[in-house]
Each structure stands twice: as C-alpha cells, then as structure tokens.
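Examination of the molecular architecture
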Amino acid sequence: MSGQFTNRYARLILGAARSVIGPEAWRDALRQAGLARYEEALPPPSPDPGITFAEMSAFCQAIRERFGPDGKWMPRRIGHEVFQQGLPSYSWLANLARLVSGSCKRLGSEFYNAMQRAAAIVRMETGTFPLIWREGDWVYWDNPSCPYCVGLSCAEPCCDLPAGTLEAITAWVLERPVEAIRVVQESSRACGEPSCRYRIEW
Ligand SMILES: [Zn+2]
C-alpha cells in the first residue's frame, strides 16, 4: 500500500526532527530517505499529500541507524516534539480538559476519548485508520497501515516516533511527566506482523 502524509503533517514531523537531532544529522537523514528536496524549505503547511509513507519510514530508519544504541530513543524524543510543536495547530486538543482529578474509572474513559480524538487526527493527516480499545487498565492503539515502517524489515518493533507522540499525548492529558508514561510496541508490520500495536500504560 502506498499512502502519503499531508504536507502540513510532514512539515511538523520534519521540523520536530530537525530541532531534536540538529541540522547536520537531519540533512543526512533527509538525503538517505530521498527527501533532499526539503533541505532548503520544509513542505508547505497545506493539507495536500506530500511525503510518501515509504519516504517517512526511510527517514526514521536513517535516524535510528545514525544514533546506534540511542537509535530507538531518538525517534521517541522526536515524537514528543511533534506533540509539543503540533499542539497549537489542533484546537480540539488544546481545548481538551486535562485530567488532573476524578476517579480512576472516569479517568480511563476520558483518556480513551482523548485517544479517539488523536486517532481522528492521524486519519485526517495520513488516511490510515488506527483502532483504539481498552483492555483492563490499559489502552491499545493499533494501526494496520502504519505509515512509519513501510518497506522496512526489523528484528524487533521499530516504530518509535508515533510511540513518542502517544507518550507525550498521554503525559499531557494526565498532567504527568512523560518519563512516567510507558508505551510498549507489541507488534510491527516491519516484523511481518499484521499491524503496529502499542500498549499504553498509565
Ligand atoms: Zn509501523
């Protein structure tokens, strides 16, 4: 399957990546991913299709390879930054009440609703359809058309950028430090599994 990110979402991700990894590593990753056309100027902030899933996947892969043992940690940090820089653009999220009080049960359903809204954004910006469900204390996020590992083959799940964004959204909604949130990727299409699935523990 070949999908595309909207220009505005690709702009957000590439801009966040540049501020996290610095201009030199960023330029190298762009070139490695066939995205050198954005070295001078990021994609425009438009809703038109821009970067393909395969290009974005190669970009993430280049970053993982460059940072070696930190390779998984770096895309998570970029994912955090995507949330920080993207928040002002999505008023639905900015207007969302943060969940500092209330019973655990209420918190669970409010958090689930927040994740549904996040999934709606992903649908709008990538055309893919993440599924969300609750199971026990945890919330699952499952994307059968994950746009971050197209054309990749990994020994272990490797879609860390969206994992980082999920961590940041969860931390923000619950008003907790991002370090207190655990998002575990349980499966990945890059490992031959049918979807990229995350377990969000909070
Ligand atoms: Zn994936």
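Procedures and definitions
- Residues numbered from 1 in each chain as written.
- Predicted model: local features only at pLDDT ≥ 70, side-chain atom pairs only at ≥ 80, totals over all residues.
- Helix = DSSP H or I, 4+ residues; strand = E, 2+ residues; numbered from the N terminus.
- Rg over C-alpha atoms; globule rule 2.2 N^0.38 Å.
- Buried ≥ 20, exposed ≤ 12 C-beta atoms within 10 Å, placed from the backbone.
- Contact = placed C-beta atoms within 7 Å.
- Axes fitted to C-alpha atoms, helices over the stretch in contact; angles between N-to-C directions.
- Parallel < 35°, antiparallel > 145°, perpendicular 65-115°, else oblique.
- Left-handed = near helix turned anticlockwise from the far one by under 90°.
- pLDDT = per-residue confidence, 0-100.
- Pairing = 2+ DSSP bridges.
- Domains from an automatic or database assignment.
- Nonpolar A, V, L, I, M, F, W, Y, C, P; charged D, E, K, R; others polar.
- Arc of directions from axis to C-beta.

As for the overall build of the protein
Of the regular secondary structure elements, the protein holds seven helices and six strands. Order of helices (α) and strands (β) in the protein, N terminus to C terminus: β-α-α-β-α-α-α-α-β-β-α-β-β. Whereas a compact globule of 202 residues would reach a radius of gyration of roughly 17 Å, the protein reaches 16 Å, a difference of no more than 12%. A burial count over the protein gives 40% of its 202 residues as buried. Long-range pairs, those at least 24 residues apart, make up 68% of the contacts in the protein between residues at least 6 apart in sequence.

Focus on the packing of helix 4 (residues 73-86) against helix 7 (residues 160-174)
For the pair helix 4 and helix 7, the least separation of the axes is 6 Å and the interaxial angle reads 50 degrees. Here helix 4 is positioned oblique relative to helix 7, judged by the angle of their axes. At the point where helix 4 passes helix 7, the crossing takes the right-handed sense. Of the residues in helix 7, those touching helix 4 at Pro 75, Arg 76, Arg 77, Ile 78, Gly 79, His 80, Val 82, Phe 83 and Gln 84 are Asp 160, Leu 161, Pro 162, Ala 163, Gly 164, Thr 165, Glu 167, Ala 168, Ile 169 and Trp 172.

Concerning the confidence of the model for the protein
For any part of a model where pLDDT is low, the fine detail of the predicted coordinates should not be relied upon. With 92% of its residues at a pLDDT of 70 or more, the protein has an overall mean of 90. For the protein, the element scoring lowest by mean pLDDT is helix 5 (residues 91-94), at 64; helix 2 (residues 23-32) scores highest, at 98.

Some thoughts on the sheet that holds strand 6 (residues 196-201)
Pairing within the open sheet is antiparallel, and its four strands lie in the order 3-4-6-5. The sheet terminates laterally at strand 3 (131-135) and strand 5 (182-187), the two strands that pair on one side only. The sheet shows a mean angle of 25 degrees between the axes of neighbouring strands, taken without regard to direction.

With respect to the packing of helix 2 against helix 3 (residues 53-66)
Viewed as axis vectors pointing N to C, helix 2 and helix 3 meet at an angle of 130 degrees, and their least axial separation amounts to 8 Å. Classed by the angle they form, the pair helix 2 and helix 3 counts as oblique. Between helix 2 and helix 3 lies a crossing of right-handed hand. Only Ala 58, Phe 59, Ala 62, Ile 63 and Arg 66 of helix 3 make contact with helix 2, whose side of the interface consists of Ala 25, Asp 28, Ala 29, Leu 30 and Gln 32.

A look at the domain arrangement of the protein
Interfaces are often described in size by the accessible area the parts lose on coming together. What the domain assignment reports for the protein is domain 1 (4-84) and domain 2 (98-201). Facing the 20 residues of domain 1 at the interface are 20 residues of domain 2. Looking at the side of domain 1 that touches domain 2, the elements that each hand over two or more residues are strand 1 (4-6), helix 3 and helix 4. Per-element tally for the side of domain 1 that touches domain 2: the top contributor is helix 4, with nine residues. The residue makeup of the side of domain 1 that touches domain 2, split by class, is 10 nonpolar, six polar and four charged.

Here we look at helix 2
Residue pairs three or four apart in sequence face the same way in an α-helix, which turns once every 3.6 residues. By the burial criterion, the buried members of helix 2 are Trp 26, Ala 29 and Leu 30. The arc that holds the buried residues of helix 2, viewed along the axis, is 100 degrees, so those residues lie on one side. In this structure, the buried side of helix 2 is in contact with helix 1 (7-21) and helix 3. Just downstream of helix 2 lies Gly 34, where phi reads positive at about 75 degrees.

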